[in-house]
Amino acid sequence: MSFIVAVDGPSGTGKGTITKLVAEKFNFQYIDTGAMYRCVTLKLLNEKIDANDTEKIEKILKEIKIDLKGTSVFLDGKDVSKKIREEDVNNNVSQISHIPIVRTMMVELQRRMSEGKNVILDGRDIGTNVFPNAEVKIFLDASVEERAQRRYKQNQENGIDITLDEIKKNIEFRDNNDKNSKVGTFKMAEDAIYIDTTNLSINQVKNKVFKIIKKKMKLVEKIENAYKMTKDNAWKRFRHSFTKGFLGLLYRIVYRPKIVGVENFPKDEGFIICSKHINYLDAAGIILLNKPKIRFIAKADLYRFWPLSYLGHLFDIIPIKRDSGDINSVKMCLKALKNKEILGIFPEGTRKGLEKNMKVKNGAVFLAEKAKVKIVPVGIQGSFKPFTKITFNYGKPIDVHSLKTDDPDWIDKASEKIMDDIIMLTKEKV
Ligand code: DC
């Protein structure tokens, strides 16, 4: 598992301090991306390479060796932790960090350094560009005055003599340069948590950030656990039949379900039921009102809330992470089909997906083709208003092989054809 924390924000907001504290507390690897741009700047300065000489810069970038060990920074094997914080680097790093090839290569390196690990990265574009899917995104900010004061104090402690006014101007200049650059444009990710540190102590910011990370780690753990199906034993089977019976009875009292076409279910083989999705209760109806066990595939987020997580585990719902090729989920589905189990999938992807003009998802056809199983379409007639009639109209099983053509898009086309059948079954008079 890899857990990524992205901390972005302008300089002087305490990013470095907070990031180090988090790395220590949670045993995460710390990647100071600013230090990486500083290393490139130092190397270009040492080799006296002009910022416009793209060819030479590219050559340097191919050779450069940057290592981050804890809080120490090594450039080509030499500890440059102090050197990269000196004035000449300070004065040039902003410009160098905005050279497109520097940006591309550093972003690539940052991704490579983080692969498969728990990491915390601080920078300017981590949450927007380097890791747009980071588990946690934090944006630290503070007023220019406060940031200048902090830097001034730090400099005084280190015996560096720069006036407060000069520092303020320098910060404003760098902010502008960072914000207005075409590459690595510095802005807050929409899903980042904004923390204004102007009137907060390091301790207060630290506590806030720790809390955010702990909460997200718990959530991620819950979702990861969803992939570990609970053991099939007598106690689980008892709870399963009891809950299925009880909820099924409740379903029959609240709705007057009519079920048509179950005789179409293939016998003694796994298959996939593809259903219209108008309400969460359509999946419930398919699971509760049919004798054989039907396992639905649902978004992994379902496992965030304990009652749903309980039912998810009880009914062996297969989680799937949205918008990412969820290999674990695909493996679980294929294994289930091989075991002659029945899966339920909504090709619309989400409730009323067709009405929302969403493209029909092709996962069901993909799985059916891989596992060599049939697809049973089902139309759902009714509005799910309590005490009204709901009809589940199951159609004839479809052999996806009969829909296979030489067209590279055949899976998409077959998925649309199955969706058409579902719509027809939804409208058919029964
Ligand atoms: O955080 P810092 O002051 O060490 O960063 C040095 C410079 O590098 C700063 O001008 C912004 C730039 N930078 C960047 O453009 N993107 C990052 N991810 C990190 C730093």
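The rules behind these values
- Residues numbered from 1 in each chain as written.
- Predicted model: local features only at pLDDT ≥ 70, side-chain atom pairs only at ≥ 80, totals over all residues.
- Heavy atoms only, no water.
- Pairing = 2+ DSSP bridges.
- Helix = DSSP H or I, 4+ residues; strand = E, 2+ residues; numbered from the N terminus.
- Axes fitted to C-alpha atoms, helices over the stretch in contact; angles between N-to-C directions.
- Contact = heavy atoms within 4.5 Å.
- Patch = residues over 30% accessible without salt bridge, like charges linked within 9 Å, V, L, I, M, F, W, Y side chains within 5 Å.
- Areas by Shrake-Rupley, 256 points an atom, 1.4 Å probe, with all protein chains shown as cover.
- Salt bridge = Lys/Arg side-chain N within 4 Å of Asp/Glu carboxyl O.
- Buried < 20%, exposed > 50% of the residue type's maximum accessible area, 1.4 Å probe, protein only.
- Near = heavy atom within 4 Å.
- Polar contact = N/O pair within 3.5 Å; in protein donor to acceptor, adjacent residues only side chain to side chain.
- Lys, Arg positive; Asp, Glu negative; His and termini not counted.
- Core = buried A, V, L, I, M, F, W, Y, C linked by side-chain atoms within 4.5 Å.

Digging into the sheet that holds strand β7 (residues 136-141)
Turning to step 1, where the next piece is worked out: Ordered in space as β2-β6-β1-β7-β8, the five strands form an open sheet in which the pairing is parallel. Every other strand in the sheet has two partners, leaving β2 (29-32) and β8 (193-196) as the edge strands with one partner each. Adjacent strand axes in the sheet meet at a mean angle of 20°, parallel and antiparallel pairs treated alike.
Turning to step 2, where the next piece is worked out: Judged from the four bridges that link them, strand β1 (residues 4-8) and β7 form a sheet pairing that is parallel. Bridge pairing in β7 links Ala6 to Lys137.
Turning to step 3, where the next piece is worked out: Sheet strands touched by helix α9 (residues 202-226): β1, β7 and β8. Its angle to β7, the strand with the most contacts, is close to 165°.

Description of a nonpolar patch on the surface
Turning to step 1, where the next piece is worked out: A contiguous nonpolar patch, built from Trp235, Phe238, Phe242, Phe246 and Leu250 and spanning about 600 Å² of accessible area, is present on the exposed surface.
Turning to step 2, where the next piece is worked out: Relative to the elements of secondary structure, Phe246 occurs in helix α10 (residues 234-254).
Turning to step 3, where the next piece is worked out: A relative accessible area of 47% means that Phe246 is categorised as partly exposed.

Re the site of the ligand
Turning to step 1, where the next piece is worked out: Lining the immediate environment of the ligand, one finds 14 residues, of which Thr33, Arg38, Arg103, Arg124 and Asp125 sit closest.
Turning to step 2, where the next piece is worked out: The separation between a nitrogen atom of the ligand and a polar side-chain atom of Thr33 is 3.0 Å.
Turning to step 3, where the next piece is worked out: Here Arg38 contributes a side-chain N or O atom positioned 2.8 Å from an oxygen atom of the ligand.
Turning to step 4, where the next piece is worked out: Those elements that provide at least two residues to the shell around the ligand are α2 (33-46), α4 (87-97) and α8 (164-180).
Turning to step 5, where the next piece is worked out: Top element by residues in the shell around the ligand is α2. It accounts for four residues.

Notes on the side chain of Asp282
Turning to step 1, where the next piece is worked out: With respect to the helices and strands, the residue Asp282 is situated in helix α11 (residues 280-288).
Turning to step 2, where the next piece is worked out: With no salt bridge to any partner, buried Asp282 finds its closest opposite charge in Arg351, at an N-O distance of 7.7 Å.
Turning to step 3, where the next piece is worked out: A distance of 2.9 Å separates the side chain of Asp282 from the backbone nitrogen of Asn279, its partner in a polar contact.
Turning to step 4, where the next piece is worked out: Excluding residues that lie within four positions of it along the chain, Asp282 makes contacts with Tyr251, Lys276, His277, Phe346, Ile380, Phe384 and Phe392.

Brief notes about the nonpolar core
Turning to step 1, where the next piece is worked out: In terms of nonpolar packing, the biggest core is built from 37 residues, with Met36, Val40, Ile66, Val102 and Met106 touching the most fellow members.
Turning to step 2, where the next piece is worked out: With seven residues, α2 is the single largest residue contributor to this core.
Turning to step 3, where the next piece is worked out: Here Met36 is in contact with Ile31, Ile66, Leu68, Met106, Leu109, Gln110 and Met113, once residues within four sequence places are set aside.

Keep in mind these numbers describe shape, not what the thing actually does.
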